[in-house]
Amino acid sequence: MSKNTILVVDDAPNIVDLVATVLSFHGFHVVTATSLGRARRALADHDPDLLVVDVMLPDGDGYTLCQEVREARPDTGIVFLTARDAPGDRIAGLTYGGDDYITKPFEMDELVARVRAVLRRLRPSTEGQERPAHRVLRVDDVELDQDLFEVRRAGEPVRLSRTEYELLLHLMDNAGRVLSREQIIDHVWNVDYSGSSNIVDTYIGYLRRKLNTLGPNVIHTHRGFGYTMRDRRGQA
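Numbering of residues starts from 1 in every chain and runs along the sequence as written. In keeping with the predicted nature of the model, local features appear solely for residues at pLDDT of at least 70, side-chain atom pairs appear and are counted solely at 80 or more, and the whole-chain, interface and lining totals rest on all residues. With hydrogens and water excluded, all non-hydrogen atoms of the structure serve as input to the side-chain values.

## Description of the overall build of the chain
Here's step 1: Each helix is a run of DSSP H or I of at least 4 residues and each strand a run of E of at least 2, with the numbering of both proceeding from the N terminus. A tally of helices and strands in the chain yields 8 helices and 14 strands.
Here's step 2: Counting the 236 residues in the chain, one finds 47% classified as buried.
Here's step 3: Only carbon and sulfur atoms are counted for the fraction: they give 47% of the accessible area of the chain, which is about 12100 Å². Only protein chains enter the calculation, and the probe is 1.4 Å; a residue is then buried if its accessible area is under 20% of its type maximum, exposed if over 50%, and partly exposed in between. Per-residue and other accessible areas follow the Shrake-Rupley method at a 1.4 Å probe size, with only the shown protein chains counted as cover for residues.

Structure representation (structure tokens):
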């Protein structure tokens with residue numbers, strides 16, 4: 001099996017060297033960049049499986065890079081590694097599409113564990129396992145295969161980021177039930193809810209845009225309460 005490639009982006013050379021050395025020791029192929037511009041070139045040259053990226057860069061910020069990666073490479077993992085540790089910063093990082101958010105100072109063992117966890121979720125291994133029939137959720141014409149981590153609508157594949165997938169899974173697993181923003185954020189992001197945050201609304205918007213290109217809306221807003229996903233065939 002080929003090594004996973006990880007792009008480490010940070011403007012502090014000592015952080016870049018430390019993270020690159022430890023990740024290489026643990027068997028990853030590591031490339032590095034110290035600016036937004038160099039990170040973009042590294043993305044084009046190396047097509048990494050995952051990014052470890054700082055928020056503050058000399059020529060931009062990690063949020064911009066995250067948005068660009070999410071648009072062009074939705075299957076790429078993103079772990080923020082930053083000194084910005086306010087609750088709003090963590091929410092922002094996840095809102096922009098990050099899969100995890102680690103604050104400095106940090107433990108290297110924790111970073112390695114979280115990197116591996118994100119990669120497992122993005123590309124789960126089935127080698128050596130005997131699987132039963134696939135666990136497939138269906139709501140209307142949307143299908144979500146929990147074993148293959150695949151989503152289809154009307155038979156057509158729908159490419160989702162990890163967070164979009166987790167959100168859709170939670171909605172489909174609770175089809176017909178109205179879920180509050182607090183319930184959604186607690187399950188999908190597992191962080192304290194901030195009443196001013198629009199993270200749930202943002203990702204609902206992402207999901208609707210991708211699903212609604214293949215059919216009518218199946219994710220419904222209940223103003224003042226939250227969201228639900230339901231089968232149109234069960235409506236009066």
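## Section: the pattern of salt bridges
Here's step 1: By definition here, a salt bridge exists when the distance from a side-chain nitrogen of Lys or Arg to a carboxyl oxygen of Asp or Glu is within 4 Å. Inspection of the entire model under this criterion finds 12 salt bridges.
Here's step 2: The salt bridge involving Asp100 is made with Arg114; its shortest N-O contact spans 3.0 Å. Here Arg114 lies in helix 5 (residues 108-122) and Asp100 lies in strand 7 (residues 100-103), a separation of 14 residues in the sequence.
Here's step 3: Assessed through its relative accessible area of 14%, Asp100 is described here as buried.
Here's step 4: Exposure remark for Arg114: the relative accessible area of 24% places this residue in the partly exposed category.
Here's step 5: The residue Arg153 makes a salt bridge to Asp141 at a minimum N-O spacing of 2.7 Å. Pair noted here: Arg153 is in strand 10 (residues 150-153) and Asp141 is in the loop between strand 8 (136-139) and strand 9 (142-145), with a separation of 12 residues, a long-range link.
Here's step 6: With relative accessibility at 24%, the residue Asp141 sits in the partly exposed group.
Here's step 7: Shared partners join several salt bridges into a network, and the residues in it are Asp10, Asp54 and Lys104.

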